[in-house]
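Working through the structure, step by step
Single-letter residue listing:
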Amino acid sequence: MSRNDSDWEKKLGDRPHGGKGFSDDLRRRIEDQVEQREKRRRRWLWPTAALCGVAGGCALYFFGGLSLLAGRGIHAGLAADSSSAAGQSTPETYAAQTRLMEEFNVKSGLLIGLRQDAEADAAATGAAEQSPSSYRTLMLAQIDGQLQVAAQGDGVLVPYGQKFWKIETKDVTTDSDELHYLVAYPADKKTDSRPIIDDPGESIVLREKLLFAGNQYVSVQESEVWESGSLPAGESKVWVRKLSQLNEAAVPQATSFASAGFVTVQDIFGEGAQQILARMAYAGDSSVTWSSENPAEVNLVEGSSPLPYSGGNNWAIIRKPGRWTAQVAEPLYEPESRVISFELHAYPVRLPEQVTSHDKLSDAAWVRDAQLQEKRNDLLVSPLEDLAVVITDKKLALYIPDSSIERSKLALEVPLEPGEALVSAQWATGSYVGDWVTKARKYLQGGQE
């Protein structure tokens, strides 16, 4: 594991952070809202206080109790507090609950894509022989004051440019082949074709599995088992393409891997990537020395050879606790089974914002408190730091900050299917949330808006 991986996993560790909680901008907005509410309350009470003091207090007590009873479930995480307060409601408890709802109005929404892998068949002998993976997308947002699953459906829905695109698995069977491959298309206009190369003299079973989907790029694991004559063989590899290029790839690949138009490590990280790959390729090779003037330069001696991943074509975007990471693949060949597999190695540079969009943790104390409530595997925090999604083996746990700033409140739990894994996480904020909810309902739920 790379040093970067360790640093990020420490943020998910058990030691509290030293952060002070909210960002300055969020704190100012909360304080302004409270101040304006108090001013309006004082202006309303002043002309009526002398005449209606006792009656007003009784009315507030009476209607406060009714409002708490009627408002149960505004936030799932506050239901217990509301129900316990309903039996002994006072103007103070009612005001406190109302203030809590208003102060922590969640202005972030999350479009989250999940992949569920089928268990390998008992008789399977290769990675490509198991059932294809399935996918679903959830749109999580606050609607009418309540955090909820605003929309959900099959496939992975992602924003791409000014539109939404959808990624799905397509199943095709020919006389000799069984193909399960990924397609991507604008969600409002389905165009999911990919060129298929069918060689009648060769039998192929192919599976493609989505590893990552962002608002520009996708990362895919491809596994093939083929039989030509009496010689079965197999290969697994990983690659990255732009979302719009996914449908351009032939099934199976008709051209060499290097010339098939894939996005390389150098495309993402620039010219310096080749020097880093060279260092990775020759790491541990005693026949290689490094330039004292420029540590990135490799001094090769006769007989030394790099690992195959030094070209930068065979790589993946993989989720690690707290962030997306670049992983370079080293091909491995097993002569007895005639199978080419791979081993991933962490690329020691963080992925740029253009690839992963918002992919940052938070030092806010309430976020830290939310993590401590769960046996977490992963964590997502909104750009506004008003929503944290703790991912466990069994659920998505959505937390919001409570009035103490240092603590968190559980607002919603969403069950996960066994083995479901994160493949996409796209945040919307402000006015975009409503638009995303509308589009997600349309494209995930058959036009229901």
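In the block above lies the structure referred to throughout.
This write-up is about the structure you can find in this document. (Residues numbered from 1 in each chain as written. Predicted model: local features only at pLDDT ≥ 70, side-chain atom pairs only at ≥ 80, totals over all residues. Heavy atoms only, no water.)

**Considerations on the packing of aromatic side chains**
How two aromatic rings sit relative to each other is given by the distance of their centres and the angle of their planes. As enumerated under the stated definition, the model contains five aromatic pairs in all. With a centroid separation of 4.8 Å and 65 degrees between ring planes, the pair formed by Phe212 and Trp324 is classed as edge-to-face. Placement of Phe212 in strand E7 (residues 202-213) and of Trp324 in strand E13 (residues 323-334) is noted, with a sequence separation of 112 residues between them. A relative accessible area of 4% places Trp324 in the buried class. (Phe/Tyr/Trp six-rings, centres within 6.5 Å; stacked < 30°, edge-to-face > 60°. Helix = DSSP H or I, 4+ residues; strand = E, 2+ residues; numbered from the N terminus. Buried < 20%, exposed > 50% of the residue type's maximum accessible area, 1.4 Å probe, protein only.)

**Observations regarding the sheet that holds strand E15 (residues 378-381)**
In spatial order, the strands read E15-E16-E17-E18; together these four strands make up an open sheet with antiparallel pairing. Unpaired on one side and paired on the other, E15 and strand E18 (408-415) mark the two borders of the sheet. With strand direction ignored, the average angle separating the axes of adjacent strands in the sheet is 20 degrees. Bridge count for strand E16 (residues 388-391) against strand E17 (residues 395-401) is four bridges, and the pairing is antiparallel. In the sheet register, Ala388 faces E17, and the bridge partner there is Tyr399. Along the sheet, helix H9 (residues 365-372) contacts E15, E16, E17 and E18; its crossing angle with E17, the most-contacted strand, is approximately 150 degrees. (Pairing = 2+ DSSP bridges. Axes fitted to C-alpha atoms, helices over the stretch in contact; angles between N-to-C directions. Contact = heavy atoms within 4.5 Å.)

**Focus on the nonpolar core**
If you look at the biggest cluster of nonpolar residues, it comprises 39 residues, and the most contacted ones within it are Ile112, Trp315, Tyr347, Leu351, Leu380, Val389 and Leu396. In contact with Tyr347, not counting residues within four places along its chain, are Val265, Phe269, Ala273, Ile276, Leu277, Met280, Ala326, Gln327 and Val328. Counting 17 residues, the second-largest nonpolar core is a separate cluster that includes Trp165, Ala213, Phe262 and Val423. (Core = buried A, V, L, I, M, F, W, Y, C linked by side-chain atoms within 4.5 Å.)

**With respect to the sheet that holds strand E2 (residues 134-143)**
An order of E3-E2-E1-E19 is seen for the four strands of this open sheet, with the pairing classed as antiparallel. Each end of this open sheet is capped by a strand with a single partner; those strands are strand E3 (146-154) and strand E19 (420-429). Adjacent strand axes in the sheet meet at a mean angle of 20 degrees when their direction is disregarded. By the bridge criterion, nine bridges tie strand E1 (residues 108-116) to E19 in an arrangement that is antiparallel. Across the sheet, residue Leu111 finds its bridge partner in E19, namely Gln426. Sheet strands touched by helix H10 (residues 432-444): E1, E2, E3 and E19. Its angle to E2, the strand with the most contacts, is close to 145 degrees.

**Overview of the side chain of Thr392**
Positionally, Thr392 belongs in the loop between E16 and E17. From its side chain, Thr392 meets the backbone nitrogen of Lys394 in a polar contact 3.2 Å long. Not counting chain neighbours up to four residues away, the residues in contact with Thr392 comprise Glu374, Lys375, Arg376, Asn377 and Leu416. (Polar contact = N/O pair within 3.5 Å; in protein donor to acceptor, adjacent residues only side chain to side chain.)

**Notes on the environment of Glu208**
Topologically, Glu208 is positioned in strand E7. For the pair Glu208 and Glu224, spaced 16 residues apart in sequence, the C-alpha to C-alpha distance is 8.8 Å. Residue contacts for Glu208: discarding those within four places in its chain leaves Tyr135, His180, Tyr181, Leu182, Arg194, Val220, Gln221, Glu222 and Trp239. A polar side-chain atom of Glu208 sits 2.9 Å from a polar atom in the side chain of Arg194.

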